[in-house]
Amino acid sequence: MAITVHDLLADPALGLRPVTDGTGVDEPISWTASTELEDPSPFLSGAEVVLTVGLRQRTAAAQRDFVSRLASAGVVGLGFGTGLGHEEVPAATRAEAERTGLAVFEVPYATPFLAVTRRVAQAHADEASARLEGLLREHQVLAHTLLSGRGLPGLLTALAGMLGTDVALTQYGSVLHTAPGALLPEPDWSRIAISTGSADAATLAVRRPPADADILAYAQSLVSLELSSQSRHRSSLRQVRGQVLGDIVRGTVTGAEAASRIESLGLQPRRRHRVLALSLGFERGHGRDRLLAALPLPGVAADLITAVLQETLLIIVPDTGARAGRDIAEAVAAHVEAAGLTGSIGIGGAYPHPEGLRWSWFEARQALARGGRINDVEKLSLTGLLLASEDVPLAAMSDEVLAPVRTSDAEHGTDLMVTLARYLDLNGSASAVAADLALHRNTVRYRLAQIETLTGLDPAVTADRVQLWLALTVLRVRDGA
C-alpha cells in the first residue's frame, strides 16, 4: 500500500501532531518537498507532502497565500516545522488549510525533515519490493501454467484471474481461446499485438486493461513464444506429412505399406476421407510453401491432418456428411480472407483406403484449377487422371505441340490460339467458329491450315484433334485459363 499522511501521523517514531484533518489525509504521497519559497508551486507535480518552517511567512497574508498555492498545486499535506521561525503553526495557516481542505501537521523541533523524507522513501521502496515480489510470483504462475501442459487456454485463464477481467486470444480474426468463459472480444476491448516472427497475425484482447501493465507485457511475451513454437512445429509437421502423402499420391507406395503410412499420420485407412486443397498467391514476400506451412487454421479445422504438397495445403477431412467438406472449406476461406490473403480451395470426394485418398487429391487438384474461391468436387474424368499423373509428360508434350503456334501469334499478331481453342470447343465446326469469331469461313480454314503447318497435326483428323485438345487442356489447367 502507498503511504499516506495518515500513516505518517500514526508513526510514533516521527512524533508528528495533526493540526487539520484535510481531504487528502488518505491520499497516496508521491514524495516530500522541503521549501522556504514564498511560492513553490512551479516546482510541484502534485500529491507531495510539503515541509517548511515558514521563514518567509511572517504575515497572515503570506501564510494564507502559501497554503492556497499548495492546495491549488494538488499537495496532499503540509508539514510545518516549529521551534525555528514559529513556536506553533500560525493561526492564518490553520484557517486557510481548513478552508481549502489541506491536511496540516506539526513537525516538532526534535524531528528533522529528513526523517519524514526517509519514512516516505522507505514506504515507496517497500511497496516497490512487494510489487516486484508479487509480479515475480505471477510470472512464475503463468510460466508454470504454460509449461505444465495446460497450454494457452490455461495461461489465459490464469491471466484473467490475475487481471480480474476477460481476455481473448485471436489469430487472423478467429478466436483461438477465451477466458474465463466464452465471452468474445468486443470492439471497445484493448488489443495487444502478438509477434511470432512468422505470418501469424495474433492479438491479445483485454476487456479492462490493468493500470499496471507489467504482468500483461509478460503474458504477451509468453503467448508470443508459444505461438512461435506452435508455428515452427506446424510447419515441420506439414512438410513431413507432405512427403508421406506425396509418395501415396505418386503411387510410390501402395497396399499395406500405404495403409501403414496413412495410419502413422493419424488417419484410419478404412474410413472415408476427403481432401481439401488450398492454394495461395505469393503475398507479403513469403514463398508459397513457407506461407502454407506456417498458416494457422480456424477452430473447426485446427485439429485436422494437414500437409503441404505441390504448393498447396492439403486438409484431410473425415467424411461426416455431405456438407462436412464444404463447411470447413467456407471457414478456411473466410479465415484466409481475414488474414488479407487471396486463396482458392478445391474439394475432393470422400473415399476410403489410401487409393481413395489419392483419388480425392486428384479431384481436389482438378477442382482447384477452376480458380474460384471454393470449387466443389466433380467426378474425375479421364483427362483429369492424365493431368494428375506425374508419369505422363503432358506438360512437355503441350509445350512442344503449341509452342510454334504461340510464337506465331506473338511475332505476327495472328490469333491462331484463339481460333484453335474455339474450333476444339465447338466440336470441330468451322462455320460455328466463323460465326463465333465474326470471321469468314475461308479465314477460319486458312488459320487451321496454318496450325497444321506449324504443328504437323491436322485439326480435322480425330487422332490429331485429340492431341491438340489434350495439349490445350494441359495449358489451360497449368495457366489457370
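The shown structure was predicted, so the numbers you read here are calculated from the model rather than taken from an experiment.

Asks: Go over the overall build of the chain with me, naming the residues and quoting the values.
Replies: Looking only at helices and strands, the chain has 16 helices and 14 strands in total. Since a compact globule built from 481 residues should have a radius of gyration of about 23 Å, the 39 Å found for the chain marks it as more spread out than a globular shape. Projected onto its principal axes, the C-alpha coordinates of the chain cover approximately 125 × 55 × 30 Å. Within the chain, residue pairs in contact and separated by at least 24 positions form 65% of the contacts whose partners lie at least 6 positions apart. Accessible surface computed for the chain: about 23,400 Å², of which carbon and sulfur atoms make up 53%. Within the chain, the 54 negative side-chain charges are centred at a point lying 6 Å from the centre of the 43 positive side-chain charges.

Asks: Kindly report on helix H3 (residues 91–100), identifying the contributing residues and their values.
Replies: Turning to H3, its buried residues number three or more, namely Ala-92, Thr-93, Glu-96 and Ala-97. Angularly, the buried residues of H3 cover 130° about the axis, an arc narrow enough to put them on a single face. Opposite the buried face of H3, by more than 90 degrees, sit the exposed residues Ala-91, Glu-98 and Arg-99. The inward-facing, buried residues of H3 contact strand S1 (17–20), helix H2 (60–72), strand S4 (77–81) and strand S5 (103–107).

Asks: Describe the packing of aromatic side chains, listing the residues and the values that go with them.
Replies: One pass over the structure, following the stated rule, counts 1 aromatic pair. Ring centres 6.4 Å apart and planes at 75° place the aromatic pair Tyr-351 and Trp-359 in the edge-to-face group. A residue is classified by how much of its surface remains accessible, and Tyr-351, at 16% relative accessible area, is buried. Trp-359 sits in the partly exposed class, given a relative accessible area of 35%.

Asks: I'd like a description of the sheet that holds strand S12 (residues 312–318), backed by residues and values.
Replies: The mixed open sheet is built from 5 strands, whose spatial order is S11-S12-S10-S13-S14. Strands with a single pairing partner mark the edges of an open sheet, and in this sheet they are strand S11 (305–309) and strand S14 (374–375). This element, helix H5 (residues 214–249), spans S11 and S12 of the sheet and lies at about 75° to S11. Sheet contacts for helix H10 (residues 353–368): strand S10 (273–280), S11, S12, strand S13 (343–351) and S14; angle to S13, the most-contacted strand, approximately 150°.

Asks: Describe the nonpolar core, and please don't skip the residues or the numbers.
Replies: Ranked by size, the top nonpolar core spans 26 residues in total, and within it Leu-276, Leu-278, Leu-280, Leu-295, Ile-315, Val-332 and Ile-345 carry the most contacts. At the level of secondary structure, the elements contributing two or more residues to this core comprise S10, helix H7 (288–294), S12, helix H9 (324–338) and S13. Here the element with the most residues in this core is H9; it accounts for 6 residues. When neighbours within four sequence positions are excluded, Leu-295 is seen to be in contact with Tyr-172, Arg-234, Arg-238, Leu-278, Leu-280, Val-336 and Leu-341. Formed by 24 residues, the second largest nonpolar core is a distinct cluster that contains Leu-146, Leu-156, Val-167 and Val-223.

How each quantity is defined
- Residues numbered from 1 in each chain as written.
- Predicted model: local features only at pLDDT ≥ 70, side-chain atom pairs only at ≥ 80, totals over all residues.
- Heavy atoms only, no water.
- Helix = DSSP H or I, 4+ residues; strand = E, 2+ residues; numbered from the N terminus.
- Rg over C-alpha atoms; globule rule 2.2 N^0.38 Å.
- Contact = heavy atoms within 4.5 Å.
- Areas by Shrake-Rupley, 256 points an atom, 1.4 Å probe, with all protein chains shown as cover.
- Lys, Arg positive; Asp, Glu negative; His and termini not counted.
- Charge placed at Lys NZ, Arg CZ, Asp CG, Glu CD.
- Buried < 20%, exposed > 50% of the residue type's maximum accessible area, 1.4 Å probe, protein only.
- Arc of directions from axis to C-beta.
- Phe/Tyr/Trp six-rings, centres within 6.5 Å; stacked < 30°, edge-to-face > 60°.
- Pairing = 2+ DSSP bridges.
- Axes fitted to C-alpha atoms, helices over the stretch in contact; angles between N-to-C directions.
- Core = buried A, V, L, I, M, F, W, Y, C linked by side-chain atoms within 4.5 Å.

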